[in-house]
Amino acid sequence: MAVGDKQKLITQIVGTVLNERPITNEKFDWFVNKHSKENFGTSLNVIDKIFKQLNGDISANQSKRTVKLECDAYFGGQHNFIFEFDESQHFSSSRLLTFGLYPNELKLSFSIDQWVKECRNYKIEADNYRRSKTTTDFNFEGGRTAQRAYLDCFRDLLPQHHNLNPTLRINEFEVIGITSNNKEAYKKIELLINSKLK
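Focus on the packing of helix 3 (residues 44–53) against helix 7 (residues 143–157)
For any two helices packed against each other, one specifies the crossing angle of their axes together with the interaxial distance. Contact pair helix 3 / helix 7: the axes reach a minimum separation of 10 Å and the direction vectors enclose 165°. By the criterion of interaxial angle, the relationship of helix 3 to helix 7 is roughly antiparallel. By crossing handedness, the relation of helix 3 to helix 7 is classed as right-handed. Here helix 3 contributes Val46, Ile47, Ile50 and Phe51 to the contact with helix 7, which in turn contributes Tyr150, Cys153, Phe154 and Leu157. Here the residues of the contact of helix 3 with helix 7 sort into eight nonpolar, no polar and no charged.

Quick word on the state of the cysteines
This model, assessed by the stated rule, comprises zero disulfides. Here cysteine 71 stays free of any disulfide, with the sulfur of cysteine 153 as its closest cysteine sulfur at 16 Å. Free of any disulfide, cysteine 153 has its nearest cysteine sulfur in cysteine 119, 10 Å distant.

A few points about the packing of helix 1 (residues 5–18) against helix 8 (residues 183–197)
Where helix 1 meets helix 8, the closest approach of the two axes is 9 Å, and the angle between their N-to-C directions is 75°. As the angle between them shows, helix 1 and helix 8 are arranged roughly perpendicular. Along its contact with helix 1, which presents Ile10, Ile13, Val14, Thr16, Val17 and Leu18, the element helix 8 presents Ala185, Tyr186, Ile189, Glu190 and Ile193. The residue inventory of the contact of helix 1 with helix 8, partitioned by class, reads nine nonpolar, one polar and one charged.

Observations concerning the sheet that holds strand 3 (residues 73–75)
With mixed pairing, the three strands of this open sheet are ordered in space as 3-4-5. Among the strands making up the open sheet, the edge pair consists of strand 3 and strand 5 (168–171). Between one strand axis and the next, the sheet turns by 25° as a mean value, whatever way the strands run. By the bridge criterion, four bridges tie strand 4 (residues 81–86) to strand 5 in an arrangement that is parallel. In the sheet register, aspartate 86 faces strand 5, and the bridge partner there is asparagine 171. Together, strand 4 and strand 5 form the strand contacts of helix 6 (residues 112–128), whose direction differs from that of strand 5 by roughly 35°. Across the sheet, helix 8 is in contact with strand 4 and strand 5; its angle to strand 5 comes to roughly 135°.

A word on helix 6
The terminal C-alpha atoms of helix 6 lie 23 Å apart, and with 17 residues this matches the ideal 24 Å at 1.5 Å per residue to within 8%. Along helix 6, the largest kink reaches about 70° and is centred on tyrosine 122. Residues of helix 6 that are buried include every one of Trp115, Val116, Glu118, Cys119, Ala126 and Asp127, and no others. Against the buried residues of helix 6 lie strand 4, helix 5 (93–99), helix 7, strand 5 and helix 8. The positive-phi residue at the C-terminal boundary of helix 6 is arginine 130, with phi of around 50°.

Thresholds applied
- Residues numbered from 1 in each chain as written.
- Predicted model: local features only at pLDDT ≥ 70, side-chain atom pairs only at ≥ 80, totals over all residues.
- Heavy atoms only, no water.
- Axes fitted to C-alpha atoms, helices over the stretch in contact; angles between N-to-C directions.
- Helix = DSSP H or I, 4+ residues; strand = E, 2+ residues; numbered from the N terminus.
- Parallel < 35°, antiparallel > 145°, perpendicular 65-115°, else oblique.
- Left-handed = near helix turned anticlockwise from the far one by under 90°.
- Contact = heavy atoms within 4.5 Å.
- Nonpolar A, V, L, I, M, F, W, Y, C, P; charged D, E, K, R; others polar.
- Disulfide = S-S within 2.5 Å.
- Pairing = 2+ DSSP bridges.
- Expected span 1.5 Å × (residues − 1).
- Bend = angle between axes of the 7 residues up to and from the residue.
- Buried < 20%, exposed > 50% of the residue type's maximum accessible area, 1.4 Å probe, protein only.

Just distances and angles here, no functional claims.
Written out as structure tokens, the structure is:
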């Protein structure tokens, strides 16, 4: 299955299970490519610490052009949450580091223990994924990977400050074997979602 196709398929099935059309081009004024007190509120210290631990350049971060980011999907209505499909490149050493800095009281719709386990299993592969790519504020080898982890934290930390429910995350290892939107896939995703949202 081509890159991105699995994400589209799982998003479609999640929409079927939730009986709601996923919005895949939703942008929020507070979901932008750099952190600020205005958007993060009481979580500013958390995201600032994460940024520093990832060796980000704060001057480059704050001076770069502000750009609104997209989530994989948004489900409104009674659900009112961002949906993210995490492929293997998200399970990096950088992402593993971020989980150790999350506050205990942070409400999430996924198991940190499970995500940490997958980071430990796949960090070498994830760290080598496009290793040479850098970004303005993570201008070093592996910088794009560090930025990915940084922005994944936005999706976990920001919703609580902007009247959204916790982000629903499904990772590719949870849906191995699903290759089409059929009854079997529907049942598997339904059980998975119910376990995350209970």
